[in-house]
Amino acid sequence: MSPTLGPSLRLLPILFLTAVLGACAMGPARMEPAPVAQEAEALFARGEFAAAADAFEGAADGSRRYRDHYLLRAAESWRELGEIGAAESVVARIDPARLVDEQALRLALLRAELAIAGGEDERAVALLPTDAGGLPDGYRARYHELRARALAGTDPAAAALERAHLAPLLRPAEAADNDRAIATLLRRLDDRRLRALAESLPDTHPLVPLLRSAFAQRGLPLPESMARAPAFEPGALLPPADLDGYRPPYKIALLLPSRGTHARAASAVRDGFFAAYFAESRRRPEVVVIDSGGDADSAVQALRQAVADGAQAVVGPLSREAVAGVFESHAATVPLVALNRPGEVPPPPGSISFALAPEEEARAAAERLAALGARHVVVIHGSEESDRRAADAFAARLANFGGAVPASIQLPAGQPNYEPLLAPALGSHDGMAPGPVDAVFLAVGAEQARLLIPQIRILGRSDLSIVATSSLHAPGSSARENRELDGIVFTELPWLLDQVDGGLPRSQLRDAFRSARGPAGRLFAFGADAFRLMAWLDHLTTQPGARIQGATGELLLDGFGNVSRTPAWAVFRNGRAQPADRVYFEDTRADH
């Protein structure tokens, strides 16, 4: 049995069939097909490709003048059936010099496809025209699709460009598959090549939306040429800016819930917001606090009230549901600093979204391990949604550096024996490892981590670098509880590591506000940065690449309206979380 064409080689069969039938009508100077050829075309139209191929070959044997045309139709029939060997055998009998007009183009397309099927991508590129400019419309989709597949192995950027040209020629279902193929190609580019591709294109190029998505998935700021301009022009409504860009509005509204499931979190955010507010020695805006309620409708109503009351900017609301409702309502007619990210719903132009997203910490961990030379990293995560999101983001970012995740382990809740899960991925105490493993990435809570680390050591894998997200750290826990975590490096908020500048007196605030310490400290720091983002919003939105040093990390806008946060690094030493200096980045073994 001859090999067959796989599904990827059967893309656009309907477009191809339309082009073929159109070309047949334009064959050699008004040819009159023989009855056997008419029968073959009827078989082809019914999808009986094997019978059509046999009939076309019979027609070729009986016609010297149109022999090569009928052979081409036979080869195309075998191609539709997916029979590579049969198609190649017939193509070898065709004399290209006896084909005219679009017949010659069809032969070139077919030969290129067969070359791709045989793994001869460079030959396929050479067989295809170098420019689509002179191609009839019916062949453009097939041309771009073939060039994309031929270039994918050696030049993913060029292949992505070909698929971008293909996109407007496709039906919706095909376009979705094409977008996924482009995303896969872009993931193969490292950060430098991705940025170079983006900077080479005008902002109207059809590839730009998918490039923007690729930058967002990596947590990278957009090139200046692609950065989204704010929809509002707040400059005329604001007082003059200080030299460092500090320029708060005259009046802002803070939208937070006073009741419901998010009320306690809102209280810590509110404390942090006003701590930063009163710590600022320069001009401060008038602030009005409005209850955003417990659902999306209440949040939209609160936003409209804030605008009606004269607020020039708004901070909040807090929950994902409320932020999604505000974004979808289009009620934000003034700049808005939303305090969450509602899934795939983007902020409206002129507004920004700020969140302590687990994906940001996971991407930072992937970049850190890649810098250490780790290429094979086992991922261990908990069952919380944030843990799963962190695990997925880590794997995607590590792949950008040529790394891979040989195993991803979800720790079961309520089951403290993890060795049956760990041993197949990390090896066992006898020294037998299943494959190369350079490091371990953890997205687990503190309680599970304290059980997990000793079991990794029992397996004899104290040689592995271990990097974790901040979920590993329970602020306020005792040094005795955390002894097992010594040597683990993890992402953390500068606020919890005494690394905050900008006039925030941490020791005084920790004494004055219960929410400034312990687990609530993260939300307190989040609230403090919410004030800073509003105060520097004009600067951040008008100066691409501008950033501020916040209590939650280094903050800048990614060009999509999202605040990109680079966390600080910490290490457990004698059971205490301490800022991680260079020593711990060079040696992050679990047996420190």
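S.K.: So what about the overall build of the protein? Which residues, and what values?
M.R.: Regarding its fold elements, the protein presents 23 helices and 15 strands. By residue count, 53% of the 592 residues in the protein fall in the buried class. Of all intrachain contacts in the protein linking residues separated by at least 6 positions in sequence, the fraction that spans at least 24 positions is 67%. When the accessible area of the protein is evaluated, it comes to approximately 25800 Å², of which 52% is carbon and sulfur surface.

S.K.: How would you explain the packing of helix 2 (residues 35-45) against helix 4 (residues 67-81) if you had to name every residue and give the values?
M.R.: For the pair helix 2 and helix 4, the least separation of the axes is 11 Å and the interaxial angle reads 20 degrees. When the interaxial angle is binned, helix 2 and helix 4 end up roughly parallel. Here the hand of the crossing between helix 2 and helix 4 comes out left-handed. Within the contact between the two elements, helix 2 uses Ala37, Glu41 and Phe44 and helix 4 uses Tyr70, Arg73, Glu76, Ser77 and Glu80. Looking at the contact of helix 2 with helix 4 residue by residue, the classes come out as three nonpolar, one polar and four charged.

S.K.: Hey, could you go over the pattern of salt bridges for me, with residue numbers and the actual values?
M.R.: Where charged atoms from two side chains of opposite charge come close, those side chains can pair. For the structure on display, the rule yields 35 salt bridges. Between Glu48 and Arg46 there is a salt bridge; the shortest N-O distance is 3.0 Å. On the basis of relative accessible area, Arg46 is assigned to the exposed category, the value being 55%. With a closest N to O distance of 3.3 Å, Arg341 and Glu360 form a salt bridge. Of this pair, Arg341 sits in the loop between strand 4 (336-338) and strand 5 (352-353) while Glu360 sits in helix 16 (residues 358-371), placing them 19 residues apart in sequence. Assessed through its relative accessible area of 5%, Glu360 is described here as buried.

S.K.: Please provide a residue-by-residue account of helix 15 (residues 320-329), values included.
M.R.: Of all the residues in helix 15, the buried ones are Ala322, Val323, Ala324, Gly325, Val326 and Phe327. Those residues of helix 15 hidden inside the fold are in contact with helix 14 (296-308), strand 4 and strand 5. Following helix 15 by one or two positions, His330 has its phi on the positive side, about 60 degrees.

S.K.: Describe the confidence of the model for the protein, with residues and values.
M.R.: As a general rule, the predicted coordinates of low-pLDDT regions are not to be interpreted in detail. For the protein, mean pLDDT is 86; residues scoring 70 or higher make up 89% of the total. Overall, residues 1-30 carries pLDDT values under 50, and its contacts beyond four positions in sequence, including any with other chains, amount to 64 contacts. Within the model, the stretch residues 582-592 combines pLDDT values under 50 with 32 contacts to residues more than four positions away or in other chains.

S.K.: A description of the packing of aromatic side chains should follow, citing residues and the corresponding values.
M.R.: In the structure shown here, the tally under the stated rule is 14 aromatic pairs. Between Phe44 and Phe49 the ring centres are 5.1 Å apart and the planes differ by 70 degrees, which places this aromatic pair in the edge-to-face class. Taken individually, Phe44 and Phe49 each receive the classification buried, so the pair is uniform in this respect. Here the aromatic cluster, defined as three or more aromatic residues joined through ring pairs, consists of Phe273, Phe274, Tyr277, Phe278 and Phe531.

Each value, and the rule that gives it
Residues numbered from 1 in each chain as written. Predicted model: local features only at pLDDT ≥ 70, side-chain atom pairs only at ≥ 80, totals over all residues. Heavy atoms only, no water. Helix = DSSP H or I, 4+ residues; strand = E, 2+ residues; numbered from the N terminus. Buried < 20%, exposed > 50% of the residue type's maximum accessible area, 1.4 Å probe, protein only. Contact = heavy atoms within 4.5 Å. Areas by Shrake-Rupley, 256 points an atom, 1.4 Å probe, with all protein chains shown as cover. Axes fitted to C-alpha atoms, helices over the stretch in contact; angles between N-to-C directions. Parallel < 35°, antiparallel > 145°, perpendicular 65-115°, else oblique. Left-handed = near helix turned anticlockwise from the far one by under 90°. Nonpolar A, V, L, I, M, F, W, Y, C, P; charged D, E, K, R; others polar. Salt bridge = Lys/Arg side-chain N within 4 Å of Asp/Glu carboxyl O. pLDDT = per-residue confidence, 0-100. Phe/Tyr/Trp six-rings, centres within 6.5 Å; stacked < 30°, edge-to-face > 60°.

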